[in-house]
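Fold and contact review
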Amino acid sequence: MNPKRKQRLIIVLFIVFGCATAIGLVLVALNENINLFYSPTQIAAGEAPVDARIRAGGMVVEGSVKRNSKTLQVDFQITDFAEKVTMSYVGILPDLFAEGQGIVALGRLNADGVFVADEVLAKHDENYMPPEVAEALEKSGKTKDSMSPAPAY
Amino acid sequence: MWSFFHKLGSPRWFYDIGGKWLPWFALAAGILLVTGAVWGLLYAPADYLQGNSYRIIFVHVPAAFLAQSIFMMMAVSGAVGLIWKMKLADMFLKAVAPVGASFTFLALFTGAVWGKPTWGTWWVWDARLTSMLILLFLYFGVMALQAAIEDANVAAKACAVLALVGLVNIPIIKYSVDWWNTLHQPASLKLTEKPTMHPDMLIPLLIMIVGFYCFFAAISIMRTRNEILEREKRTAWVKALVQTGGRNA
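Residues numbered from 1 in each chain as written. Chains lettered and ligands numbered in written order. Predicted model: local features only at pLDDT ≥ 70, side-chain atom pairs only at ≥ 80, totals over all residues. Heavy atoms only, no water.

1. A few points about the pattern of salt bridges
All names here are of chain A. Selection criterion: Just to be clear on terms, a salt bridge is a Lys or Arg side-chain nitrogen sitting within 4 Å of an Asp or Glu carboxyl oxygen. We count a stretch as a helix when DSSP gives it H or I for four or more residues in a row; a strand needs E for two or more, and each element gets its number in order from the N terminus. Here the term buried applies to any residue with accessible area under 20% of the maximum for its type, exposed to any over 50%, and partly exposed to those in between, with areas from a 1.4 Å probe on protein chains only.
Evaluation of the coordinates by the stated rule reveals six salt bridges over all chains. A salt bridge links R53 to D118; the nearest nitrogen and oxygen atoms lie 3.1 Å apart. Of this pair, R53 sits in the loop between α3 (40-44) and β1 (54-60) while D118 sits in strand β6 (residues 114-123), and the two are 65 residues apart along the sequence. By relative accessible area, which is 44% here, D118 ends up partly exposed. Across the salt bridge formed by E119 and R55, the nearest N and O atoms sit 3.4 Å from each other.

Written out as C-alpha cells, the structure is:
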C-alpha cells in the first residue's frame, strides 16, 4: 500500500475508533438513564425517586391479580424473582397482560411503596412457537424459558 | 485479488457486469419474496401468545436487518472512497442511502404497527427504538449532505465521513436490548446460539431475509448504474452507449 493511502487509512481508523470511544464513554456515563424502567430490586433499594413519573418493569406474579368487580381497578404485583412491587392501575390492560407475563408500567411510587400506574404496556419475549408446541412444552414440565437462556421479562 | 479490486473500481466494468447480474437478483428476489410471504402469512402456524399479529415479523425483521447492513456497506464504501479515491465507492454510497432510509422507515413503521396490539403502544423511547430512529436521521443526514454540496467529490468525502461516524450506532442498535432494560425483546436470531423460534416459522423468515437481500442487490445495482451514467456522461463509452440505444455494444 503506498504511503499516501496508508496515511488516509490511519485517518479513517482514527475517525471510527475515536468516535466509538467518545460515544462509548458517553453511554457508560448515561447508563442508568438509558434504561427504560426500574426493576423491583432497584425500587426496593430506594433507587427510584418517590412521587416522580417513572417506569417500572417485571413479571406479573402468579395469583396476584385482583380485579375490582365494579370498576376497572386492577391490583397486582410484579417481580424480578428477587423483590416484589405492588401496583395499582385503573384502565384497560393490553391483550398480552397475564400472570407470568412481563409488563412495563408508567406511573408514580407513592409513600406507601405502592406503584400507581397510569399506563401498562405488555412485554413479550423472543420465543415464537405454535400453540401446540407451547402446550407440549408445558405438559412435559418444561417452561418456554427453557428455550432461551435468560428469564425473559 | 487486487486485480479484481481494481477492476471493481472501474465504473464501466461495474456497469457491464451489474447489467448481467441484475436480472438474476431480480428473479431470485421475486421468487423468494413471493414464496416467503405466502408461506409466512398463510401456512406458518400462529404464535401461542400473539396469535396472528406476530406475522408482521416476516417484514419487520428483514427490513431491520437490511437497514443496518446497508449502513455498514455505506461505511465500508465510504472508507474505500476515502482511502483509495475509488469513484465507484462514492457512487454506491450515494445510490443506496435512500434505499437504506426506506428500509429503516419500513422497520420503524412495521414495528409501530406490531407494537400497538402486542405492547399496547405505537412508540416508546426505549434504547432499541430510539437508536433505530437515530439511524433513520443518519440516513437523512447523508442524503441532505449529498444534496447540499454541489461538487461531487466534496459531497462524497463529507458523506463518507458521516457514514463512518454513524457506524458507531450499529453495535448500539444490535446490543441495545442486552445492555439496557428495553420494552423491545432480545433477538430471536443469533449467530452463535440456537434461534428461539420454531422451525415452522423460522424457515419462511429466513426465506424472506434472503429475498430482501436479493431485492436490495437488484435495486442497488440499478441505482448505482444510473449514478454511473449520470457521473460519467462526458466519457466516450457512455456517449457510445447512448448512441447504440443503451445496448451494450
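2. A closer look at the packing of helix α3 (residues 57-84) of chain B against helix α4 (residues 87-118) of chain B
Residue and element names in this part refer to chain B. Note the following rule: Note on definitions: angles span 0 to 180 degrees between N-to-C directions of axes, and those axes are lines fitted to C-alpha atoms, for helices only across the stretch in contact. The cut-offs work like this: below 35 degrees is roughly parallel, past 145 is roughly antiparallel, 65 to 115 is roughly perpendicular, and the gaps in between are oblique. For any pair of crossing helices, the crossing counts as left-handed if the nearer helix is rotated counterclockwise from the farther one by less than a right angle, and right-handed if it is rotated clockwise. Side-chain classes are defined by residue name, with Ala, Val, Leu, Ile, Met, Phe, Trp, Tyr, Cys and Pro counting as nonpolar, Asp, Glu, Lys and Arg as charged, and the others, Gly among them, as polar.
α4 packs onto α3 with a crossing angle of 155° between their chain directions and a minimal axis gap of 8 Å. Regarding the angle of α3 to α4, the classification is roughly antiparallel. Here α3 and α4 pass one another in a crossing that is left-handed. When grouped by side-chain class, the residues that make up the contact of α3 with α4 number 20 nonpolar, eight polar and one charged.

3. With respect to the confidence of the model for chain A
Any residue range with low pLDDT should be treated as having predicted coordinates unsuitable for detailed reading. Residues and elements named next belong to chain A. Stated formally: pLDDT is a residue-level measure of predictor confidence that goes from 0 to 100. When checking whether two residues touch, look at their non-hydrogen atoms; a contact exists if any pair is within 4.5 Å.
Counting all residues, the mean pLDDT for chain A is 85, and 92% of those residues have values of 70 or more. Between the elements of chain A, mean pLDDT differs from a low of 81, seen in helix α2 (residues 31-34), to a high of 92, seen in strand β4 (residues 84-90). Note on residues 146-153: pLDDT is under 50 here. Beyond four places in sequence and across chains, it has 19 contacts.

4. Comments concerning the pairing of strand β5 (residues 102-109) of chain A
Residue and element names in this part refer to chain A. The test is simple: Two strands qualify as a pair provided that DSSP identifies no fewer than 2 bridges between them.
Burial of β5 is extensive: seven of the eight residues sit out of reach of the surface. In this sheet, β5 lies alongside β1 in antiparallel orientation, the contact comprising six bridges. Directly across from A56, in β5, lies its bridge partner A105. Across eight bridges, β5 lies against β6 in antiparallel orientation. If you follow R108 over to β6, its bridge partner there is V116. Joining the antiparallel neighbours β5 and β6 is a turn of four residues, in which G113 adopts a positive phi near 85°.

5. Describing the nonpolar core
Under the convention used in this document: For the purposes of this section, nonpolar cores are sets of buried Ala, Val, Leu, Ile, Met, Phe, Trp, Tyr and Cys residues that join through side-chain atoms within 4.5 Å.
Core analysis: the largest hydrophobic core is formed by 63 residues, its most contacted members being Y54(B), I70(B), M74(B) and F103(B). When residues of this core are traced back to their parent elements, those giving at least two are α1 (3-29) of chain A together with α3, α4, α5 (127-148), α6 (152-166), α7 (169-179) and α8 (199-231) of chain B. When neighbours within four sequence positions are excluded, I70(B) is seen to be in contact with V96(B), V99(B), G100(B), F103(B), Y139(B) and F216(B). In terms of nonpolar packing, the next biggest core, distinct from the first, is built from 19 residues, I54(A), V74(A), Y89(A) and I103(A) among them.

6. Some thoughts on the interface of chain B and chain A
The following threshold applies: Buried area is understood as the total, over both parts, of accessible area removed when two parts are fitted together, assessed with a 1.4 Å probe. Side-chain atoms alone can form a polar contact between residues adjacent in sequence; in general such a contact is a pair of N or O atoms within 3.5 Å, and within protein one must be able to donate a hydrogen while the other accepts it.
Residue-level contacts link 43 residues of chain B with 40 residues of chain A. Buried surface at the junction of chain B and chain A, both sides included, amounts to about 3,700 Å², of which 67% is carbon and sulfur. Summed over the shared surface of chain B and chain A, the result is zero salt bridges. Counting across the interface, chain B meets chain A through 17 residue pairs in polar contact (both at pLDDT 80 or more). Breaking the side of chain B that touches chain A down by element, the ones donating at least two residues are α3, α4 and α6 of chain B. Ranked by the residues each element gives to the side of chain B that touches chain A, the list is headed by α3(B), at five residues.

7. Overview of the environment of I221(B)
All names here are of chain B. Tracing the chain through its elements places I221 in helix α8. As a C-alpha pair, I221 and S3 span 218 residues in sequence and 21 Å in three-dimensional space. With residues near it in sequence (within four places) discarded, I221 still touches F14, G18, W21, L22 and F25.

8. Observations regarding the packing of aromatic side chains
Heads up, the rule is: The pairing test for Phe, Tyr and Trp rings, Trp by its six-membered ring, is centres within 6.5 Å, and the orientation test on the planes gives stacked under 30 degrees, edge-to-face over 60, and tilted for anything in between. For a Lys NZ or an Arg CZ to count as sitting over a ring, it must be within 6 Å of the ring centre and within 35 degrees of the ring normal.
Tallied over the full model, the rule gives 13 aromatic pairs over all chains. Pairing W123(B) with W125(B) gives two aromatic rings, centres 5.4 Å apart and planes at 80°, and the pair type is edge-to-face. Classification of W123(B) by relative accessible area gives partly exposed; the value is 28%. A residue is classified by how much of its surface remains accessible, and W125(B), at 56% relative accessible area, is exposed. Joined through ring pairs, the aromatic side chains of Y128(A), Y54(B), F58(B) and W114(B) make up one cluster. Lying across the ring of Y15(B), R225(B) places its NZ or CZ 4.1 Å from the centre.

9. Remarks on the packing of helix α2 (residues 11-43) of chain B against α8(B)
Between two packed helices, the angle of one axis relative to the other and the distance separating the axes together describe the packing. All names here are of chain B. It is at 7 Å that the axes of α2 and α8 come closest, and there the two elements cross at 150°. With respect to each other, α2 and α8 are oriented roughly antiparallel. Crossing hand, α2 versus α8: left-handed. Considered class by class, the residues forming the contact of α2 with α8 number 27 nonpolar, six polar and two charged.

10. Focus: a nonpolar patch on the surface
All names here are of chain B. For clarity, the cut-off: Patches here are clusters of residues that have more than 30% relative accessible area and form no salt bridge, with a 9 Å joining cutoff for like charges and a 5 Å cutoff for nonpolar side chains (Val, Leu, Ile, Met, Phe, Trp, Tyr). Here, Shrake-Rupley sampling with a 1.4 Å probe gives the accessible areas, and only protein chains in the shown set may cover a residue.
Together, V34, V38, W39, L41, L42, Y43 and I203 make up an exposed nonpolar region whose accessible area comes to about 710 Å². The biggest single contributor to the nonpolar patch is α2, with six residues. By secondary structure assignment, the location of I203 is in helix α8.

11. Some words on the side chain of D80(A)
Residue and element names in this part refer to chain A. Spelled out, the test is: Only four residue types enter the charge count: Lys and Arg as positive, Asp and Glu as negative, with His and the chain ends excluded.
Mapping D80 onto the fold places it in the loop between β3 (73-79) and β4. The side chain of D80 sits in the buried core without any salt bridge; K84 is the nearest counter-charge, 10.0 Å away. Among the polar contacts listed, one links the side chain of D80 to the backbone nitrogen of A82, at a separation of 3.2 Å. Within the local environment of D80, its side chain forms a polar contact with the backbone nitrogen of E83, the two atoms lying 3.1 Å apart.

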